[in-house]
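Here's the letter readout for the chains.
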Amino acid sequence: MAGSCDAVVPDIKKKLEEQLVLLYDPELRGDALVELSKKREMFPDLAPLMWHSFATIIVLLQEIVSFYPALSPPTLSASVSNRACNVLALLQSVASHPETRIPFLKAQITEYLYPFLKTTSNARSFEYLRLTTLGVFGALVKVDDTEVVNTLLNGDTIPLCLRIMETGTELSKTVATFIVQKIIMDEAGLQYICATPERFFGIATVLARMVADQPSTRLLKHIVRCYLRLTDDPRAHIALQTHLPEALRDGTFDNGLRDDDVARRYLQQLLDNLARPGGGAPPAVPGPAAAGVTHPVPAPAAGGAPHPDPGPVAGASTEGSSQAELSHGHPSPAPLAGAAPHPGPGPVAGGSPGGSSASSAHPGPAPTEVDAPHPAPGPVAGGRPGGSSQAGPRRRRR
């Protein structure tokens, strides 16, 4: 049996190498992209094979650039969107492989992907394009790496993710929130967000709006995890004592969280943390324009008495960040339509899209974590707990 498996791997590698050669022929490139995308899960070392093979990455970047004219005005067809997603799926393999992740970042390939996240059309072809692009960034942040975080902080990742968190579909919001969560779980990311009131209130305002929209349990878990991490900064801790949405304090989500022990522990620990006195002066509330908020809502009022036996809160260094201030001033588009299944067979996300063709099914982003399922089988973006998951004392209802 082992000999049979050993024989299969070289055979798959040979076929993949043949497909890589076909990428150089513009007429055969579309079919080669489909085949490589379908086989990427079967051959884990496809990423270094593509990275080190002659001009393969250049061909993929040429493909990426060729899609730009269809972004504005928005004329992206389903077949072109499928082709773009096949290219993005291959880039996601490169972004997730330990041998090629850092070279991928140093080559600044993420800069080529930001135009896809900036699109605002609610057409299904654009929604799948954004979702698959988010999958590339999700693959980068899945492995805790400060170098990855610092690179993304120097780009447009956070403001674009915040906009998608406000206006995207349920699945896009979940993946975008997961990316922001993973960035602020890193110390460099937390210091960056909390370095100025504009950055802090930019993310706090978006999180509050998401809570007001009654998110699903899987999305709420990522929202609460973001709030919980922000309490590790002393000034953000104080600010959240008065700006945490009331719905997170008064038991609004108790029924929805009944079957998710991890999410319940996150929420309980958040409330326990905020019941403790914070340190440092709270950040001044900036004006809406400074925080990148284009349609501000009133800050939620604080609620709930201090917990009688609060749990411990982790300390975090707040020594200043010297990075350039990030602007969140992006116009908010109209809400996207719900993510309906894309025509044609094959999964939307996760795994290899068996049976897909160049115009029938998107490969979608590969799973990033284990607790947030995609519309198709396979998980999406469950956040690995980055802090204490110990349940605090029982929360008192109003």
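About the thresholds
Residues numbered from 1 in each chain as written. Predicted model: local features only at pLDDT ≥ 70, side-chain atom pairs only at ≥ 80, totals over all residues. Heavy atoms only, no water. UniProt positions renumbered as here; feature names shortened; annotations may be inferred. Patch = residues over 30% accessible without salt bridge, like charges linked within 9 Å, V, L, I, M, F, W, Y side chains within 5 Å. Areas by Shrake-Rupley, 256 points an atom, 1.4 Å probe, with all protein chains shown as cover. Salt bridge = Lys/Arg side-chain N within 4 Å of Asp/Glu carboxyl O. Helix = DSSP H or I, 4+ residues; strand = E, 2+ residues; numbered from the N terminus. Buried < 20%, exposed > 50% of the residue type's maximum accessible area, 1.4 Å probe, protein only. Contact = heavy atoms within 4.5 Å. Expected span 1.5 Å × (residues − 1). Phe/Tyr/Trp six-rings, centres within 6.5 Å; stacked < 30°, edge-to-face > 60°. Axes fitted to C-alpha atoms, helices over the stretch in contact; angles between N-to-C directions. Left-handed = near helix turned anticlockwise from the far one by under 90°.

Labelled according to an unreviewed UniProt entry, the protein chain appears under the name Cell differentiation protein rcd1, originating from Panicum virgatum. The protein chain has a UniProt comment under Sequence similarities (unreviewed entry) that states "Belongs to the CNOT9 family."

**Student:** I keep staring at a nonpolar patch on the surface and nothing clicks. Help me out?
**Tutor:** Residues Val21, Tyr24 and Phe54 make up a contiguous nonpolar surface patch of about 350 Å² in total accessible area. Looking at the secondary structure, you find Tyr24 in the loop between helix H1 (2-22) and helix H2 (29-39).

**Student:** Please clarify how the side chain of Arg29 should be interpreted in this entry.
**Tutor:** Considering the arrangement of structural elements, one finds Arg29 in helix H2. Assessed through its relative accessible area of 10%, Arg29 is described here as buried. Beyond its immediate sequence surroundings of up to four residues, Arg29 is in contact with Leu22, Leu23, Tyr24, Val59, Glu63 and Arg83.

**Student:** I'm lost on the pattern of salt bridges in this one. Help?
**Tutor:** Think of it this way: side chains of opposite charge can pair up when their charged atoms draw near. With the rule as written, the count across this model stands at 12 salt bridges. The shortest N-O distance in the salt bridge between Lys118 and Asp156 comes to 3.7 Å. With Lys118 in the loop between helix H7 (114-117) and helix H8 (124-142) and Asp156 in the loop between helix H9 (146-153) and helix H10 (157-167), this pair connects stretches of sequence that are 38 residues apart. When its relative accessible area of 40% is taken as the criterion, Lys118 is described as partly exposed. The partly exposed category is assigned to Asp156, whose relative accessible area is 26%. Note that Asp261 and Arg264 form a salt bridge whose closest N and O atoms lie 2.5 Å from each other. In this pair, Asp261 and Arg264 are both assigned in helix H16 (residues 261-275), three residues apart and thus about one turn of the helix distant. When its relative accessible area of 41% is taken as the criterion, Asp261 is described as partly exposed. Residue Arg264 is classed as partly exposed on the basis of its relative accessible area, which comes to 36%. It is possible to trace a salt-bridge network through shared partners that takes in Arg29, Glu63 and Arg83.

**Student:** Where do I start with H8 in this structure?
**Tutor:** Given 3.6 residues to a turn, an α-helix orients residues that are three or four positions apart in the same direction. Over its 19 residues, H8 runs 26 Å from end to end, which matches the ideal 27 Å to within 8%, given 1.5 Å per residue. Most of H8 is tucked away, with 17 of its 19 residues classed as buried.

**Student:** What's the story with the environment of Ser96 in this structure? I'm lost.
**Tutor:** Note on placement: Ser96 falls in helix H5 (residues 78-96). Under the relative-accessibility criterion, Ser96 is labelled partly exposed at 35%. Ser96 sits 45 residues away from Val141 along the chain, and the two C-alpha atoms are 8.8 Å apart. If near-sequence neighbours (up to four positions away) are discounted, Ser96 is found in contact with Arg101 and Ala139.

**Student:** Can you walk me through the packing of aromatic side chains in this structure?
**Tutor:** Working definition: an aromatic ring pair is given by the centre-to-centre distance plus the angle between the planes. The full count for this structure, using the stated rule, is three aromatic pairs. Where Tyr68 meets Phe116, the ring centres are 6.0 Å apart and the plane angle is 70°; that geometry is what we call edge-to-face. Pair noted here: Tyr68 is in the loop between helix H4 (56-66) and H5 and Phe116 is in helix H7, with a separation of 48 residues, a long-range link. What makes Tyr68 partly exposed here is its relative accessible area of 25%.

**Student:** It is not clear to me how the packing of H10 against helix H11 (residues 170-185) should be interpreted in this structure. Could you clarify?
**Tutor:** The relative placement of two packed helices is expressed as an angle between their axes plus a distance between the axes. Contact pair H10 / H11: the axes reach a minimum separation of 8 Å and the direction vectors enclose 145°. Seen along the crossing, H10 lies across H11 with a hand that is left-handed. Only Ser172, Lys173, Ala176, Thr177, Ile179, Val180 and Ile183 of H11 make contact with H10, whose side of the interface consists of Thr157, Ile158, Cys161, Ile164, Met165, Glu166 and Thr167.

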